[in-house]
Amino acid sequence: KILNKLPEVALFVTRIRSSLEVTHEALAAMQTDISDSASLLLHPSQCFDSIGYACTSASSVIGTEKVSELVRKGHSNVHHVTNPLSALAAACENLNVKNLAFVTPYTEAVSSTLRHAVELEANVTITAHGSFGEVMEEKIASIDSESIFNATKAVMSVESGANTPDAVFLSCTNLQSLEVLESIEQEFGCACLSSNQVLLWDMLRNAGINDDLAGFGRLFRN
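Residues numbered from 1 in each chain as written. Predicted model: local features only at pLDDT ≥ 70, side-chain atom pairs only at ≥ 80, totals over all residues. Heavy atoms only, no water.

Peer 1: Looking at this structure, I do not really get the environment of Leu6. What am I missing?
Peer 2: Among the structural elements, Leu6 can be located in the segment before helix H1 (24-29). Taking C-alpha positions, Leu6 is 16 Å from Val198, a pair spaced 192 residues apart along the chain. Those residues in contact with Leu6 that lie beyond four places of it in its chain are Leu204, Ile209, Asp211 and Leu213. (Helix = DSSP H or I, 4+ residues; strand = E, 2+ residues; numbered from the N terminus. Contact = heavy atoms within 4.5 Å.)

What follows is the structure, encoded as structure tokens:
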């Protein structure tokens with residue numbers, strides 16, 4: 001939907017084999033296929049403004065620098081490499097986010113690793129968090145917008161004292177969160193960020209495209 005508003009942008013997609021379950025072991029195993037998948041995008045002579053690796057939790061397990069290294073090994077002719085974790089850090093800096101509420105679909109084991117990585121990468125404090133506790137990719141992808149909104153409401157209701165969240169982050173590129181960004185921002189008066197949103201914003205920004213786009217959260221209006 002975002003790219004429909006930007007007809008001048010060409011998007012190329014390749015896939016990486018992943019497990020049916022979201023576990024530390026499965027996420028770490030994805031690194032073996034990153035370079036090969038990146039090599040399938042276009043002929044090496046073709047230069048990309050940006051390549052994004054679209055897995056939030058795997059970025060926290062593999063490491064953002066390692067992800068960039070593996071992508072460039074597969075396609076070196078690229079100006080900028082990003083992932084949802086690095087993109088979230090850039091978005092938090094852009095919006096001056098210091099305190100972050102956090103919603104994930106994952107198990108606590110995966111969520112806690114990601115929360116730690118986010119605090120280090122984005123230099124933020126996670127003041128409240130919640131999770132659906134799902135391990136199966138299929139179930140994560142089927143979580144509906146109403147459930148995401150209600151989970152966010154529960155997290156935002158947690159007493160955080162003086163550390164009121166500046167933004168809430170909806171983690172996972174398989175989470176169908178784009179439809180609820182605006183309604184969450186209107187309900188709670190803070191920025192709502194999601195994995196796909198920040199990833200695409202970071203890729204576009206580094207491709208020199210800074211258009212204001214309504215309907216996708218204040219990040220795209222800032």
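Peer 1: Is there a simple way to think about the pairing of strand E3 (residues 99-104) in this case?
Peer 2: Along any regular strand, the residues point their side chains to alternate faces of the sheet. Within E3, 6 of the 6 residues are buried, leaving the element largely enclosed by the surrounding structure. Residues Asn99, Ala101 and Val103 point to one face of E3 and Leu100, Phe102 and Thr104 to the other, with burial holding for every one of them. Direction of pairing for E3 relative to strand E4 (residues 125-131): parallel, over a ladder of 6 bridges. Its bridge partner being in E4, Leu100 is matched across the sheet by Ile126. In this region the chain leaves E3, passes through helix H6 (residues 108-122) and returns to the parallel neighbour E4; the handedness of that crossover is right-handed. Here E3 pairs with strand E5 (residues 167-170) via 4 bridges, running parallel. Following the sheet pairing, Leu100 is matched in E5 by Ala167. (Buried < 20%, exposed > 50% of the residue type's maximum accessible area, 1.4 Å probe, protein only. Pairing = 2+ DSSP bridges. Right-handed = clockwise from strand over helix to strand, strands pointing away.)

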